Amino acid sequence: MRTQVGIIGAGPAGLMLSHLLHLQGIESVVLESRSQEYIEQRVRAGVLEKGTADLMIESGVGARLQREGLIHHGIELRFGGAGHRIDFADLTGGKSITVYAQHEVIKDLVAARAAAGGKIFFEAEAVSVHDLDTQPKIRFQHGGATETLDCDFIAGCDGFHGICRNAIPPEVLRIHERVYPFAWLGILAKVKPASDELIYTYHDRGFSLLSMRSPEISRLYLQCDPDENIAEWSDDRIWTELRTRMATRDGWMLADGPILQKGITPMRSFVAEPMRHGKMFLLGDAAHIVPPTGAKGLNLAVADVRVLTRSLLDFYRHGATSGLDHYSDTCLRRVWKVQRFSWWMTSMLHRFPNEDSFQHHLHLAELDYVTSSRAQATALAENYVGLPFDEPYS
Ligand code: RFL
Ligand code: PHB
């Protein structure tokens, strides 16, 4: 089998890349180790930057997002028993974020690829990549057989546990990493969200977050230990802990309801560089992980897709290689700014083990500053809605 761009992974990065390339007349094949049902149900991110939502709309996959996505113009930071609103619209000249589940983005992209006759192989696991400097090949297993996909370029969109990053020789690959001494226990609950906007809370007992998926479904998170045993968290214990952390002095109440799903997410910051080796490019979680506090992972994956789409277009239309040559540097500039923001939000909002009174007061002072200084609130807002892009994607 042969194609122009062989894409490994049907997450947001792989599917968006395949969709945008198709719009520019560039052919691709997507290989995905999981089933279609699995990737369309996998509960993950929920917040789209303005640029991500706009890209979906402009590229023709935003109809359902426009109908069902919830547009938010701010978030609340809560500490010391009181809430403080960060008004994105006011601070960023009218910008917003859209709350729309990642698996809905996946469904929309899979449907668009299917409607356009795009090739996605599900339950097709890439096992190795070859000849990255000459004529790249992907070997994959599908339906009990080993097959080969020949391509001009390989897009490694295979997430943190994929195979592409490790195909870069160890003497070339550099890793930068922070592992945090806490994790998030996340739940999906069938209850009307207790607030119209997201609430990020710093509390003596740890961080908590109220988010949502729809007017009937809440998504909530609690800071917990990284080795926490989920079996020890009964529904009652989860609701009690959330209520304690989110309580306000004026008696705000978190409504509870049936918990549909629970899980624990470890927290790390991770960057692999370079994001290109020969004719293979890494995108999204394959190259970088951010802790979820800034809601950036999916958005950063889509930002890489914009850069690679433009670079491939320049190559196929004009034979120009400078976009491809600079792909890694271009992406990493944004990656590091987003890493900084995600690390900062994480550090500001979580209780660290053995945090002493000095650190605790610094936390409170930082929160006081960000909620009372227009300059600092603007810095948070412009990062949260998404830093601007220098160039269009095509
Ligand atoms: P993905 O989504 O992990 O997709 C990679 C795909 O590759 C497949 N795969 C392979 N396929 C074939 N052969 C192989 N050898 C393969 N190895 C792997 C996998 O099955 C998978 O389908 O990576 P991608 O596309 O880079 O997208 C990244 C995002 O999924 C991720 O950054 C976000 O979910 C992170 N994230 C959030 N991001 C946001 O922008 N906003 C948020 O609000 C947000 N909240 C979150 C999050 C991630 C979370 N978890 C569970 C990690 C909340 C949580 C709890
Ligand atoms: C989510 O809705 O899953 C979500 C929202 C904001 C975050 C992380 C996750 O910072």
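Numbering of residues begins from 1 in every chain and follows the order in which that chain's sequence is written. Lettering of chains starts at A and numbering of ligands starts at 1, both following the order in which they are written. Local features in a predicted model are, by the rule used here, given only for residues with pLDDT of at least 70; side-chain atom pairs are given and counted only at 80 or more, and totals for whole chains, interfaces and linings are based on all residues. Hydrogens and water are ignored here; the side-chain numbers use all heavy atoms of the structure.

A.B. asks: Where do I start with the packing of helix 1 (residues 12-23) against helix 8 (residues 297-318) in this structure?
C.D. replies: Note on definitions: angles span 0 to 180 degrees between N-to-C directions of axes, and those axes are lines fitted to C-alpha atoms, for helices only across the stretch in contact. Only runs of H or I of at least four residues qualify as helices and only runs of E of at least two qualify as strands under DSSP, and these elements are numbered from the N terminus. Put simply, helix 1 and helix 8 touch, their axes get as near as 9 Å, and they point 30 degrees apart. Taken together, the axis directions place helix 1 and helix 8 in an arrangement best described as roughly parallel. In this structure, helix 1 meets helix 8 at a crossing whose hand is right-handed. Residues Pro-12, Ala-13, Met-16, Leu-17, Leu-20 and Leu-21 of helix 1 touch helix 8, and the partners they reach there are Leu-298, Ala-301, Val-305, Leu-308, Thr-309 and Leu-312. Note that Gly is not counted as nonpolar here; it falls among the polar residues with everything else outside the nonpolar set of Ala, Val, Leu, Ile, Met, Phe, Trp, Tyr, Cys and Pro and the charged set of Asp, Glu, Lys and Arg. Classifying every residue of the contact of helix 1 with helix 8 by side-chain character gives eleven nonpolar, one polar and no charged. Working definition: roughly parallel below 35 degrees, roughly antiparallel above 145 degrees, roughly perpendicular at 65 to 115 degrees, and oblique for all remaining angles. Left-handed is the label given to a crossing in which the near helix is rotated counterclockwise from the far helix by less than a right angle, and right-handed is the label when the rotation is clockwise. Should any heavy atoms of two residues lie within 4.5 Å, those residues are considered in contact.

A.B. asks: What is the right way to read the sheet that holds strand 3 (residues 47-48) from this model?
C.D. replies: For sheets, the rule is that strands pair by backbone hydrogen bonds, running either parallel or antiparallel. Strand pairing requires that DSSP identify at least two bridges connecting the strands. Taken in spatial order, the three strands of this open sheet run 3-7-4, and their pairing is antiparallel. The open sheet has two edge strands with one neighbour each: strand 3 and strand 4 (70-72). Both strand 4 and strand 7 (residues 97-99) contribute to a ladder of three bridges, which runs antiparallel. Paired with His-72 across the bridge in strand 7 is Ile-97.

A.B. asks: Would you mind showing me how to read the sheet that holds strand 12 (residues 174-189) here?
C.D. replies: Ordered in space as 6-5-13-14-15-12-16-19, the eight strands form an open sheet in which the pairing is mixed. Edge positions in the sheet fall to strand 6 (82-87) and strand 19 (288-289), since each has one partner strand and no second. As paired strands, strand 14 (residues 208-212) and strand 15 (residues 218-224) are joined by five bridges and run antiparallel to one another. The residue of strand 15 that forms the bridge with Leu-210 is Leu-220. Seen against the sheet, helix 7 (residues 235-246) touches strand 5 (74-79), strand 12, strand 13 (199-202), strand 14, strand 15 and strand 16 (259-273) and runs at an angle of roughly 85 degrees to strand 15.

A.B. asks: What is the right way to read the side chain of Glu-40 from this model?
C.D. replies: Within the fold, Glu-40 resides in helix 2 (residues 36-41). Only protein chains enter the accessibility calculation, which uses a 1.4 Å probe. A residue is then buried if its area is under 20% of the maximum for its type, exposed if over 50%, and partly exposed in between. Working convention for charge: Lys and Arg count positive, Asp and Glu count negative, and His plus the chain ends are omitted. Definition used for salt bridges: Asp or Glu carboxyl oxygen within 4 Å of a side-chain nitrogen of Lys or Arg. This buried residue, Glu-40, is left without a salt bridge; Lys-107 holds the nearest opposite charge, at 6.2 Å. Contacts of Glu-40, omitting those with residues within four sequence positions, involve His-103, Ile-106, Lys-107 and Val-110.

A.B. asks: When you look at the site of ligand 1 in this model, what are you seeing that I'm missing?
C.D. replies: The local shell around ligand 1 holds 35 residues, among which Glu-32, Arg-42, Gln-102, Asp-285 and Leu-298 are the closest. Pairs of N or O atoms are called polar contacts if they sit within 3.5 Å, as long as, within protein, a hydrogen donor faces a hydrogen acceptor (for residues adjacent in sequence, only side-chain-to-side-chain pairs). Contact between ligand 1 and Pro-12: an oxygen atom at 3.2 Å from a main-chain N or O atom of the residue. A distance of 2.7 Å is found between an oxygen atom of ligand 1 and a side-chain nitrogen or oxygen belonging to Glu-32. Taken together, the elements giving at least two residues each to the shell around ligand 1 come down to helix 1, strand 9 (124-130), strand 15 and helix 8. Element by element, the count of residues in the shell around ligand 1 is highest for helix 8, at four residues. Its residues placed into classes, the shell around ligand 1 shows 15 nonpolar, eleven polar and nine charged. When we break the shell around ligand 1 down by domain, the ones giving at least three residues each are domain 1 (2-46 + 101-173 + 274-351) and domain 2 (178-266). Note on definitions. A residue lies near a molecule or strand when any single heavy atom of the residue is within 4 Å of it. Note that the domain bounds were set by an automatic or database domain assignment.

A.B. asks: For this particular structure, what's the right way to read the pairing of strand 12?
C.D. replies: Across a regular strand the side chains alternate sides, sitting on one face of the sheet and then on the other. As paired elements, strand 12 and strand 16 share 13 bridges and run antiparallel to each other. Note on strand 16: the bridge partner recorded for Val-179 is Arg-268. Bridge count for strand 12 against strand 15 is seven bridges, and the pairing is antiparallel. Opposite Trp-184, over in strand 15, you have Gln-223 as the bridge partner.

A.B. asks: Where do I start with the domain arrangement of the protein in this structure?
C.D. replies: For the protein, the assigned domains are domain 1 (2-46 + 101-173 + 274-351) and domain 2 (178-266). Placing the centre of domain 1 and that of domain 2 at their C-alpha centroids yields a distance of 31 Å. Contacts between domain 1 and domain 2 engage 16 residues on the former and 16 residues on the latter. Where domain 1 abuts domain 2, roughly 1400 Å² becomes buried across the two surfaces, and 62% of that area is made up of carbon and sulfur atoms. Linking domain 1 with domain 2 are one salt bridge, by the criterion used here. A salt bridge links Arg-351 to Asp-204; the shortest N-O distance between them is 3.5 Å. Buried area: the sum, over both parts, of the accessible surface (1.4 Å probe) that disappears when the two are put together.

A.B. asks: Sorry, what's going on with the site of ligand 2 here?
C.D. replies: Neighbouring ligand 2 are 14 residues; Tyr-200, Ser-211, Arg-213, Tyr-221 and Pro-292 lie closest to it. For ligand 2, an oxygen atom lies 2.7 Å from a polar atom in the backbone of Pro-292. At 3.3 Å, a backbone N or O of Thr-293 approaches an oxygen atom of ligand 2. Only the protein chains shown count as cover for residues, with accessible areas throughout obtained via the Shrake-Rupley method and a probe of 1.4 Å. A total of 280 Å² of accessible area belongs to ligand 2 in isolation, and the protein chains cover 96% of it. If you list the elements that add at least two residues to the shell around ligand 2, you get strand 14 and strand 15. Tallied by class, the residues present in the shell around ligand 2 amount to eight nonpolar, three polar and three charged. When residues of the shell around ligand 2 are assigned to domains, at least three fall in each of domain 1 (2-46 + 101-173 + 274-351) and domain 2 (178-266).

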